Amino acid sequence: MLTTLASAWANLRTRRHLFAGAFVAVALGVALVTGMGLGLAAAADPPAGKPQRFRQPVVVMPHDTLTVEVDRGPHRALDSKKIPHPQPVDKELLRELAELGTVHRDHLAPDAVGVDASAAAVREVVGDRAQVLTGAARRLADPGAERDAQAVVAVRAMLGTAGGVSAFVAVFVTASTFAFVVALRRREFGLLRLAGATPGRVRRQLFTEALAVGVAASATGCALGSWGAPLLARALIDNGIAPPWFTVSGTGTPQSTSWTSWTSWPFQLAFWTGLFVAVAGAWAASRRAGRIGPVEALRDADVDTDVMPWSRRIVGAALLALGLGLTVHTLWTDPSALLKRKTYTTQPMILITAAAALAPLLVRPVLRMIRLPGAVGLLVRENAAASVRRTAAVAAPVLVTVALAGSLMGSAESVSAAKAQEASEQTNSQLIATGDDLSLARRPVPGVAALSPSASTAVFVREEGTTLLRSEARAVSDPAALAATSRLPVVSGDIRHLDDRSIVVNEEWEHHRVGDRLTVWLGDGRRTTLRVAAVLAHGTGDNGAYVTMANAGAAPVDRIDVRLTPGASPAAATDALRAATSGHDVRVRTAAAWLNATHPRVKPQTRQGMLLLLGIALTYAAISLAGTQLMAASVRGRELRALRRAGATRAQVRLMLAGEALVAVAAGTALGLAVTALNLGGLAAALGLLSPESGAGAGAGAGLEAGVVVPWGVVSSAVGVCAVVAVGTGVLGPGWGRRNGVGEW
């Protein structure tokens, strides 16, 4: 054991250039996991803050959740969902509260009241008729509480996804680094075997080196993550992802700065994850190193042979089959699932991992297609083909970066474009008025043929008796006006038959035949039974339900769709509509302007989150490329000196090194684009399956023709950065190698 430790320590000191890439990759991964873990901890327990709406010690607020009994296996359980329009505090309860103390209200039909009385007395009077809030919980009655809660949920989702991507890329980069280290040291391991070292001794040495790198890098990463966590919070706020009051402590607890705060779960998770990544990355490499025989290593030329063990081929093929199989299965069973963010940010990872695992095998056919002019071009191509391990080690991180950029950003932009197109096709109005609690004067508006006021609400249904599902809905006051101002993709029934005893649903609902009677819960929590009047196509998932205003509780009108009479002036109609409409923050826009504002190509928060993920992947790619090129330079001194003796100038050698780097980057780019094509191809197929067929019903659209969007700008930027890093370190690497004992060339 002592011999193994001494040998590992000596290797780490003398071959630190070989382990620098793994150290930086693990440290960066741990720093990201630490920062995101601290962000998740802050989002799970956000600071209380001070109540803004009520200063009284007790606040009474109606129940804002719907709880329904469902089946969970052989037992019954309760499933709860938040309702959008809780019923106001009833007058009888207000009268009883007034007997305890002064009741403070800010609405005629209050959704919450402050009470100057003791909490115990208020709870005794209220019972289970409403919520009693005290202390920091009074913030739940603030107007922005729901918005902030949704923002915190978005922060948790984004940080969780970013942490997963960080772990995925960190494992890949670290494993690739250790695999390349073994490839470069195969002669060394062969000499060890020739000197009598057993395969177990070689494996233990690699494990010991990985353990030392992992411990040092993980500790460094925890410190970096602690420093960067507050900066992460500020970036989330500046990009509109987190609410302005969101803070992240760099010590794991809001106020503590003692050493005990470093034992909190974000630091523990990050440290042990980093150590696991380092050891796991060395595991496959150590098995390969243990199988190197002394004679094999001593007679091995610089030409790579058997660059892929069968175990890696089997794993890569299995992942490829799994990725393609999941896509086909999802297309067959539920195409709409491919349009959900959780699916298109996680499922592509399987195909990306498969391609990265098979990279040494896939690089060769790509290299055969490359033709470069001149003697230097021929030398570049043959060197890249002869050193497949080195070429694949450079191509793999480029592959991952290009595939992530194309698949994630391309999926987000494609889904957004499809939703925007669908919304445009379903709009048959020229003007749209929006605002809070809109109302129209009871007089005709000049130039207007149809007005369709509607409110945002929700309905809830018990799906298969096991789950309470929420469906976004619009409440309308005039179904005939809705039919005139919209082109909904109706597949059966007629939306003009909608009344106070019926509902319009889409094909995703469990029961979606015209005439079916459904038990639903409305936006204010009331339970009722409604008949299906019409059924809409599912589309991209934005086709919600429709009910009448009588089934929307206290939902305020927030939109008025306007159809103009033939020949009417839009400007004059806009002025007349403004004069006839009252409410808060009233805004009248053309339908095109409203669509651009409400259905952008990609929401800013989504784009920022995607760019964060791609920034992480690109940073790792740069680290991997730099590490690979510097490690390769440390063992190429003899080869480069031979070229110089054969008459090559220093400029020609550098041109060859730059060409090799560009060829490897080009191969990785080609493979990354191929993976992107597979991922976006599945999405395109899903959009095609979800398109309403021509003539599928009154008002059915012509189909989704937006197709997939390839983010060429983002992909080109990623490839450019990879090329600059690969060429720069490839050309400057030999000079760095001379300073580390490789020798002059």
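A quick note: this is a predicted structure, and the numbers were derived from the prediction, not measured. (Residues numbered from 1 in each chain as written. Predicted model: local features only at pLDDT ≥ 70, side-chain atom pairs only at ≥ 80, totals over all residues. Heavy atoms only, no water.)

1. Quick notes on the overall build of the protein chain
Stage number 1. Looking only at helices and strands, one finds 22 helices and 16 strands in the protein chain.
Stage number 2. Here the protein chain, with 745 residues, has 50% of them falling under the buried criterion.
Stage number 3. Counting only contacts in the protein chain whose residues sit at least 6 apart along the sequence, the fraction spanning at least 24 positions is 80%.
Stage number 4. For the protein chain, the exposed area adds up to about 33700 Å²; of that, 60% sits on carbon and sulfur atoms. (Helix = DSSP H or I, 4+ residues; strand = E, 2+ residues; numbered from the N terminus. Buried < 20%, exposed > 50% of the residue type's maximum accessible area, 1.4 Å probe, protein only. Contact = heavy atoms within 4.5 Å. Areas by Shrake-Rupley, 256 points an atom, 1.4 Å probe, with all protein chains shown as cover.)

2. Looking at the environment of Leu-206
Stage number 1. Along the chain, Leu-206 turns up in helix H7 (residues 199-238).
Stage number 2. A C-alpha to C-alpha distance of 8.5 Å links Leu-206 and Trp-283, two positions 77 residues apart in sequence.

3. Details of the packing of aromatic side chains
How two aromatic rings sit relative to each other is set out by the distance from centre to centre and by the angle between their planes.
Stage number 1. Within this structure, the stated rule accounts for one aromatic pair.
Stage number 2. Here Phe-271 and Trp-272 contribute two aromatic rings whose centre-to-centre distance is 5.2 Å and whose plane-to-plane angle is 90°, an arrangement assigned as edge-to-face. (Phe/Tyr/Trp six-rings, centres within 6.5 Å; stacked < 30°, edge-to-face > 60°.)

4. Observations concerning the pairing of strand E8 (residues 448-463)
Stage number 1. Burial within E8 is extensive, with 12 of its 16 residues counted as buried.
Stage number 2. In terms of strand pairing, E8 meets strand E9 (residues 467-476) through 10 bridges, oriented antiparallel. Paired with Ser-454 across the bridge in E9 is Val-476.
Stage number 3. What sits between E8 and E9 in their antiparallel hairpin is a turn of three residues, with Glu-464 showing a positive phi close to 55°.
Stage number 4. Relative to strand E12 (residues 517-521), E8 runs antiparallel, the two sharing two bridges. Each bridged residue has a counterpart across the sheet, and for Val-461 the counterpart in E12 is Val-520. (Pairing = 2+ DSSP bridges.)

5. Some words on the pairing of strand E3 (residues 75-82)
Stage number 1. Taken together, the eight bridges between strand E2 (residues 65-72) and E3 define a ladder with antiparallel strand orientation. By the bridge assignment for E3, Leu-66 is matched with Lys-81.
Stage number 2. What sits between the antiparallel neighbours E2 and E3 is a turn of two residues, in which Gly-73 has the positive phi angle 70°.

6. Considering the environment of Pro-566
Stage number 1. Summarising the element assignment, Pro-566 is placed in the loop between strand E15 (557-564) and helix H17 (570-580).
Stage number 2. Sequence spacing of Pro-566 and Ala-449 is 117 residues, and the spatial spacing of their C-alpha atoms is 8.5 Å.

7. Some points on the side chain of Gln-56
Stage number 1. By the secondary structure assignment, Gln-56 is in the loop between helix H2 (16-44) and strand E1 (58-61).
Stage number 2. In contact with Gln-56, other than residues within four places in its own chain, are His-104, Gly-114, Val-115, Asp-116 and Arg-138.

8. Focus on the pattern of salt bridges
Stage number 1. Scanning the model with the defined rule gives 17 salt bridges in all.
Stage number 2. Note that Asp-516 is salt-bridged to Arg-513, the shortest N-O span being 3.8 Å.
Stage number 3. The exposure class assigned to Asp-516 is buried, which follows from its relative accessible area of 17%.
Stage number 4. The partner of Arg-578 in a salt bridge is Asp-575, and the shortest N-O contact between them spans 3.7 Å. Taken together, the residues Arg-578 and Asp-575, both in helix H17 and three residues apart, mark about one turn of the helix.
Stage number 5. Among the charged side chains, a salt-bridge network with shared partners connects Glu-69, Asp-71 and Arg-76. (Salt bridge = Lys/Arg side-chain N within 4 Å of Asp/Glu carboxyl O.)

9. Side note on empty space enclosed by the protein
Stage number 1. A complete count under the given rule lists five cavities of 30 Å³ or more for this structure.
Stage number 2. Here the largest cavity defines a volume of roughly 170 Å³.
Stage number 3. As for the largest cavity, its lining consists of 17 residues, and the residues nearest its centre are Arg-390, Gln-629, Arg-636, Leu-657 and Glu-660.
Stage number 4. Listed by contribution, the elements that provide at least two residues to the lining of the largest cavity are helix H14 (374-386), helix H15 (388-425), helix H19 (604-633), helix H21 (650-690) and helix H22 (712-739).
Stage number 5. Broken down by class, the residue content of the lining of the largest cavity amounts to nine nonpolar, five polar and three charged.
Stage number 6. For the second largest cavity, the calculated volume is near 130 Å³.
Stage number 7. Contributing to the lining of the second largest cavity are 13 residues, with Thr-327, Leu-338, Gln-347, Pro-348 and Asn-679 lying nearest its centre.
Stage number 8. With four residues, H21 is the largest single contributor of residues to the lining of the second largest cavity.
Stage number 9. Of the residues assigned to the lining of the second largest cavity, the class counts are six nonpolar, seven polar and no charged. (1 Å grid on protein atoms, 1.4 Å probe; cavity = no way out; pocket = protein on both sides within 12 Å on 5 of 7 lines; lining within 4 Å. Points joined across faces, edges and corners; volume = space filled by probe spheres on them. Nonpolar A, V, L, I, M, F, W, Y, C, P; charged D, E, K, R; others polar.)

10. Looking at the sheet that holds strand E6 (residues 131-134)
Stage number 1. Strand order across the open sheet formed by four strands is E4-E5-E1-E6, with antiparallel pairing between neighbours. Because the sheet does not close on itself, it has two edges, and the strands there are strand E4 (103-104) and E6.
Stage number 2. Pairing analysis gives two bridges linking E4 to strand E5 (residues 113-115), with the strands arranged antiparallel. Within the sheet, the bridge partner assigned to Val-103 lies in E5 and is Val-115.
Stage number 3. Each of E1, E5 and E6 touches helix H4 (residues 119-126); the most contacted strand, E6, lies at about 170° to it. (Axes fitted to C-alpha atoms, helices over the stretch in contact; angles between N-to-C directions.)

11. Some thoughts on the confidence of the model for the protein chain
Stage number 1. Confidence in the prediction for the protein chain averages 80 pLDDT; 85% of positions are at 70 or higher.
Stage number 2. The low-confidence segment residues 694-703 (pLDDT under 50) makes 23 contacts with residues lying over four places distant or belonging to another chain.
Stage number 3. Counted against residues more than four places away or in other chains, residues 739-744, with its pLDDT under 50, gives 11 contacts. (pLDDT = per-residue confidence, 0-100.)

12. Thoughts on the packing of H15 against H19
Stage number 1. Here H15 crosses H19 at 175°, and the two axes come no closer than 9 Å. By the angle between their axes, H15 is roughly antiparallel relative to H19.
Stage number 2. Residue composition of the contact of H15 with H19, by class: 18 nonpolar, five polar and three charged. (Parallel < 35°, antiparallel > 145°, perpendicular 65-115°, else oblique.)

13. Re the packing of helix H20 (residues 637-645) against H21
Stage number 1. In the contact formed by H20 and H21, the axes pass within 10 Å of each other and the chain directions differ by 135°. Compared by their axis directions, H20 and H21 come out oblique. Where H20 crosses over H21, the handedness of that crossing is right-handed. Contacts from Leu-640, Leu-643 and Arg-644 of H20 reach H21 at Arg-650, Val-653, Met-656 and Leu-657.
Stage number 2. Here the residues of the contact of H20 with H21 sort into five nonpolar, no polar and two charged. (Left-handed = near helix turned anticlockwise from the far one by under 90°.)

14. Considering the nonpolar core
Stage number 1. Within the largest apolar cluster, 99 residues are counted, with the highest numbers of intra-cluster contacts made by Val-155, Leu-236, Phe-246, Leu-339, Val-400 and Leu-404.
Stage number 2. If one sorts the elements of this core by residue count, H15 sits on top with 16 residues.
Stage number 3. Apart from residues lying up to four places away in sequence, Phe-246 is in contact with Gly-39, Ala-42, Ala-43, Val-155, Ala-233, Leu-236 and Ile-237. (Core = buried A, V, L, I, M, F, W, Y, C linked by side-chain atoms within 4.5 Å.)

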